[in-house]
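Breakdown of the fold
For reference, the chains in residue letters:
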Amino acid sequence: MAINNSLGGTDQAQRLRNLVLQCEHAADAGRHAHVIAVCSGKGGVGKTLISVNLSIALAARGHRVALIDMDLGLANADIVLGVEPTCTWSEALSGKRPVTDCIIQAPGDIAFIPGASGVARIANLSEFERHQLLALMERIEQRYDVVVLDCGAGISQNVMALAASADTVLVVATPEPTSITDAYAMVKTFSRMEREGYTGKPAGTGHPGSPASGLGIIVNYADTRREGQETFERLAGTAARFLHIPVSDYGCILRDDHVPAAIRQRRPVVLRYPRCPASSCIMASAIKLSSELGRPGSSQGLFYRVMRMFV
Ligand SMILES: Nc1ncnc2c1ncn2[C@@H]1O[C@H](COP(=O)(O)OP(=O)(O)OP(=O)(O)O)[C@@H](O)[C@H]1O
Ligand SMILES: [Mg+2]
């Protein structure tokens, strides 16, 4: 996939390359968290709902989870989570606050890093901001087993860099034809990145990336489990036939009025209504994910994995 290098100047690009190379050399030092990127082609399909509640469900299963709001356009995981952040990662990046200030303890025993409206492009971060981002990510990876990234909608450069950095990419789709088409476009883009070594360069010429362990689909807004299953099968069947890639089934989430009710109360649905249909579905998806978290993840840190897309 051709990701444009849109950095301001040659010097800045070279400094970024050097920084990423340093991280690459330090790659094998220490353990790295399992990164789950929650993405979608179409907007408004339930990424934030799933990111927040899946994080809590994974924490309930004993994992140390950090949720990062990476929706650079409309960061709103704080609302679904029911917290009022006093520091976002954009403030930490600018150096106005220490990076530790933006890691907050959130309901459900997870760490939450609130979103950063105003950071338009990861590629355009200044050198100082990148160092801050590196410090933040290193800290998160040292302390947590699982990092969940709530990404923005669509196949922008930022989103695809985050997807490429993840061990597991969860594409959220709904049974609506427009959502299925957009989810397929995302799977297709991702499969192209995979063929090209996830670096935006032809395979073999880029940095040796550690391939993400899995691409999976969660179907949200299903009226019945059968509808959810059929939606998954349509998407996975088309991906197998035309793209020759396997796509895992992470289950479906039923359309459920408890979801908007919990959001209105500013409480995560799995905590407010743990036995409602949507919560049961999210728990089931968490069980499947949880069983995969023991697998060895990437040997490279998250910062390196995100940034390598831009050099
Ligand atoms: N299973 C569900 N049942 C009922 N309502 C739902 C369900 N899932 C999501 N919703 C509703 O859909 C709305 C959008 O969900 P959410 O914000 O999670 O989508 P998103 O994909 O993160 O959107 P964006 O692309 O804007 O980031 C929420 O306000 C929520 O109330
Ligand atoms: Mg969202």
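Conventions we followed
Residues numbered from 1 in each chain as written. Chains lettered and ligands numbered in written order. Predicted model: local features only at pLDDT ≥ 70, side-chain atom pairs only at ≥ 80, totals over all residues. Heavy atoms only, no water. Core = buried A, V, L, I, M, F, W, Y, C linked by side-chain atoms within 4.5 Å. Buried < 20%, exposed > 50% of the residue type's maximum accessible area, 1.4 Å probe, protein only. Helix = DSSP H or I, 4+ residues; strand = E, 2+ residues; numbered from the N terminus. Contact = heavy atoms within 4.5 Å. Near = heavy atom within 4 Å. Polar contact = N/O pair within 3.5 Å; in protein donor to acceptor, adjacent residues only side chain to side chain. Areas by Shrake-Rupley, 256 points an atom, 1.4 Å probe, with all protein chains shown as cover. Nonpolar A, V, L, I, M, F, W, Y, C, P; charged D, E, K, R; others polar. Phe/Tyr/Trp six-rings, centres within 6.5 Å; stacked < 30°, edge-to-face > 60°. Lys NZ or Arg CZ within 6 Å of the ring centre and 35° of its normal. Pairing = 2+ DSSP bridges. Axes fitted to C-alpha atoms, helices over the stretch in contact; angles between N-to-C directions. Expected span 1.5 Å × (residues − 1). Arc of directions from axis to C-beta.

A few points about the nonpolar core
Across soluble globular proteins, nonpolar side chains have a tendency to be buried as a group. Counting 101 residues, the largest nonpolar core has Ile36, Leu81, Trp89, Ile113, Ile140, Leu149 and Val247 as the members making the most contacts within it. By residue number, the principal contributor to this core is helix H2 (residues 47-60), which donates eight residues. If we ignore the near neighbours within four places in the chain, the residues touching Ile36 are Leu58, Val146, Val147, Val148, Leu149, Ala166, Thr168, Leu170, Leu289 and Leu293.

Details of the site of ligand 1
Surrounding ligand 1, one finds 18 residues, the nearest of these being Gly44, Lys47, Thr48, Leu49 and Tyr221. One of the side-chain nitrogen or oxygen atoms of Asp71 is found 3.4 Å away from an oxygen atom of ligand 1. The side chain of Tyr221 places a nitrogen or oxygen atom 2.7 Å from an oxygen atom of ligand 1. Within the complex, 82% of the 640 Å² of free accessible area of ligand 1 lies under protein. Elements that contribute at least two residues to the shell around ligand 1 include exactly H2, strand E7 (214-222), strand E8 (248-254) and helix H9 (258-264). Counted by class, the shell around ligand 1 contains nine nonpolar, five polar and four charged residues.

Things to note about the packing of aromatic side chains
Within the structure shown, the criterion is met by zero aromatic pairs. Its end group placed over the ring of Tyr250, Lys288 keeps NZ or CZ at 5.1 Å from the ring centre.

Brief notes about the sheet that holds strand E4 (residues 110-113)
Read across the open sheet, the eight strands follow the order E3-E4-E2-E5-E1-E6-E7-E8; overall the sheet is mixed. Of all the strands in the sheet, the pair left with one neighbour each is strand E3 (104-106) and E8. For this sheet the average axis-to-axis angle between neighbouring strands, irrespective of direction, equals 25°. Summarising the sheet, strand E2 (residues 65-70) and E4 pair through three bridges and their orientation is parallel. Opposite Ile68, over in E4, you have Ile113 as the bridge partner. Contacts from H2 reach strand E1 (34-40), E2, E4, strand E5 (146-153), strand E6 (168-173), E7 and E8 within the one sheet, and its direction differs from that of E5 by about 175°. Each of E1, E2, E5 and E6 touches helix H6 (residues 157-165); the most contacted strand, E5, lies at about 155° to it.

Quick word on helix H7 (residues 177-195)
Between its first and last C-alpha atoms H7 spans 27 Å; for 19 residues at 1.5 Å apiece the expected length is 27 Å, and the two agree. Buried residues of H7: Ser179, Ile180, Ala183, Tyr184, Met186, Val187, Thr189, Phe190, Ser191 and Met193, and no others. Of the surrounding elements, those touching the buried residues of H7 are E1, H6, E6, E7 and helix H8 (225-243).

Some points on H8
Compared with an ideal rise of 1.5 Å per residue, which puts 19 residues at 27 Å, H8 spans 26 Å between its outermost C-alpha atoms and is within 8% of the ideal. The set of residues buried in H8 consists of Gly228, Thr231, Phe232, Leu235, Ala236, Ala239 and Leu243. Viewed along the axis of H8, the buried residues span an arc of 115°, placing them on a single side of the element. Turned more than 90 degrees off the buried face of H8, the exposed positions are Arg226, Arg234, Arg241 and Phe242. On its buried face, H8 is in contact with E6, H7, E7 and E8. Positive backbone phi, at 60°, marks His244, one or two positions downstream of H8.

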